[in-house]
Amino acid sequence: MKKATAAVAPERLKNKQYEEELRKLQAKLCHLQDWVKNKGLRVVIVFEGRDAAGKGGTIKALTERVSPRVFRVVALPAPSDREKNQLFFQRYFQHFPAKGEIVIFDRSWYNRAGVEYVMGFCTKAEHDRFLELCPQIENYIVSGGVQLIKIWLEVSDAEQKRRFEARIEDPLRQWKLSDMDLPSRSRWFEYSRARDMMLKATDTRHAPWFILRSDDKRRARLNCIAHILNLIPYKKVPHQPVKLLHRSMEGAYDDQGSLKGRKFVPERY
């Protein structure tokens, strides 16, 4: 009887291949953007995951070639004193999309299921109440005509450790280390259990979770964009051909000469 062999992870994607595939997908995102505007769709995309799983880079790849007026990114800071006394979901609902918008939450109400619960920022009763109510509230959101897409980025223990060490050593990345990041290393299994409780309670038919493996950031970004494009059926919206208008010479003057004596940015490069 043959022994089962462990699955071998694919070779990390080379940058040239990544850039080529990313450009193709981003062109499709532009078509999706037109479709969302044309049809007045309302979409919410929730990005959650372990610390250093690559949420920021994935969101950047998703949004860097589209309009921020259609693809809006919401990354809320810690709640203010006033927000702490509101209904829990209230601070998130005010950022929900109008027709023709896609709102991307870089972390969301699921903070309560993760960092708030593990780090003791909420009580066990508040955590239990959240897990009980969240599927009901998300059902209300979806039944109201909002498409809700939830993506969990999962990075391995070894890769998370490598990324944290890289941030510590690189001054250009140290800003990414928050007060909550380093404790997440020592509490790996606590976060794992919190994740499992969250998935068990909130992975529903009307608002399922999609797990995105992100040890290879490039593959993860491509897989994520392709998946979102697949979840939102769209067609190319026809456009009138664009023609550059001829520049009129009426009222012509030395417009560059008129800038003499003004302060210019020094050309150091």
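Rules used throughout
- Residues numbered from 1 in each chain as written.
- Predicted model: local features only at pLDDT ≥ 70, side-chain atom pairs only at ≥ 80, totals over all residues.
- Heavy atoms only, no water.
- Helix = DSSP H or I, 4+ residues; strand = E, 2+ residues; numbered from the N terminus.
- Expected span 1.5 Å × (residues − 1).
- Bend = angle between axes of the 7 residues up to and from the residue.
- Buried < 20%, exposed > 50% of the residue type's maximum accessible area, 1.4 Å probe, protein only.
- Contact = heavy atoms within 4.5 Å.
- Core = buried A, V, L, I, M, F, W, Y, C linked by side-chain atoms within 4.5 Å.
- Arc of directions from axis to C-beta.
- Polar contact = N/O pair within 3.5 Å; in protein donor to acceptor, adjacent residues only side chain to side chain.
- Phe/Tyr/Trp six-rings, centres within 6.5 Å; stacked < 30°, edge-to-face > 60°.
- Lys NZ or Arg CZ within 6 Å of the ring centre and 35° of its normal.
- Pairing = 2+ DSSP bridges.
- Axes fitted to C-alpha atoms, helices over the stretch in contact; angles between N-to-C directions.

A. Up close: helix α6 (residues 124-143). Here α6 contains 20 residues, and its C-alpha end-to-end distance of 29 Å stays within 8% of the 28 Å for a straight helix at 1.5 Å per residue. At L133, α6 is bent by approximately 35°, the largest bend along its length, and proline P135 sits one to four residues beyond. When we look at burial in α6, the residues that qualify are H127, F130, L131, C134, P135, E138 and I141. For α6, the elements touching its buried residues are α4 (90-93), α5 (115-118), β4 (147-154) and α9 (188-202). Where α6 ends, the next residue or the one after it, G145, has phi of about 100°, a positive value.

B. The nonpolar core, seen in detail. Core analysis: the largest hydrophobic core is formed by 31 residues, its most contacted members being I45, F47 and I151. Only α1 (15-39), β1 (42-49), α2 (55-63), β3 (101-106), β4 and α10 (217-231) provide two or more residues apiece to this core. With residues near it in sequence (within four places) discarded, I151 still touches I45, V46, F47, E48, W209, F210, L212, C224 and I228. Core analysis: the next-biggest nonpolar cluster, separate from the first, contains 22 residues, F130, I141, L199 and W209 among them.

C. Highlighting α9. Taking 1.5 Å of rise per residue, the 15 residues of α9 would be expected to cover 21 Å, and the 21 Å separating its terminal C-alpha atoms lies within 8% of that figure. Listed as buried for α9 are W188, Y191, S192, A194, R195, M198, L199 and T202. Along α9, the residues classed as buried sweep out an arc of 165° about the axis, all on the same side. Residues of α9 that are exposed and point over 90 degrees away from its buried face: F189, R193 and K200.

D. Spatial organisation of the side chain of S192. Looking at where S192 falls in the secondary structure, it is placed in helix α9. Looking at S192, its side chain comes within polar contact range of the side chain of R50, at 2.4 Å.

E. Region of the structure containing the packing of aromatic side chains. Inspection of every chain in the model, using the stated rule, returns 16 aromatic pairs. Where F88 meets F89, the ring centres are 5.4 Å apart and the plane angle is 85°; that geometry is what we call edge-to-face. Using a relative accessible area of 9% as the deciding quantity, one classes F89 as buried. Site record: aromatic cluster; members linked through ring pairs are F88, F89, Y92, F93, F96, F105, W109, Y110, F130, W152 and W209. Just above the ring of W188 sits the side chain of R50; from NZ or CZ to the centre is 3.6 Å. It is R91 that lies over the ring of Y92; its NZ or CZ is 5.4 Å from the centre.

F. Just the sheet that holds strand β2 (residues 71-74), in detail. An order of β2-β3-β1-β4-β5 is seen for the five strands of this open sheet, with the pairing classed as parallel. Both outer strands of the open sheet, β2 and β5 (209-213), are each paired with one neighbouring strand and no more. Strand-to-strand twist across the sheet, computed as the mean angle between neighbouring axes with direction ignored, equals 20°. Across five bridges, β4 lies against β5 in parallel orientation. When the bridges of β5 are listed, E154 appears paired with R213. Packing of α2 onto the sheet brings it into contact with β1, β2, β3 and β4, and relative to β1 it is tilted by some 155°. Against the sheet, α10 engages β1, β4 and β5, with an angle of about 155° to β5.

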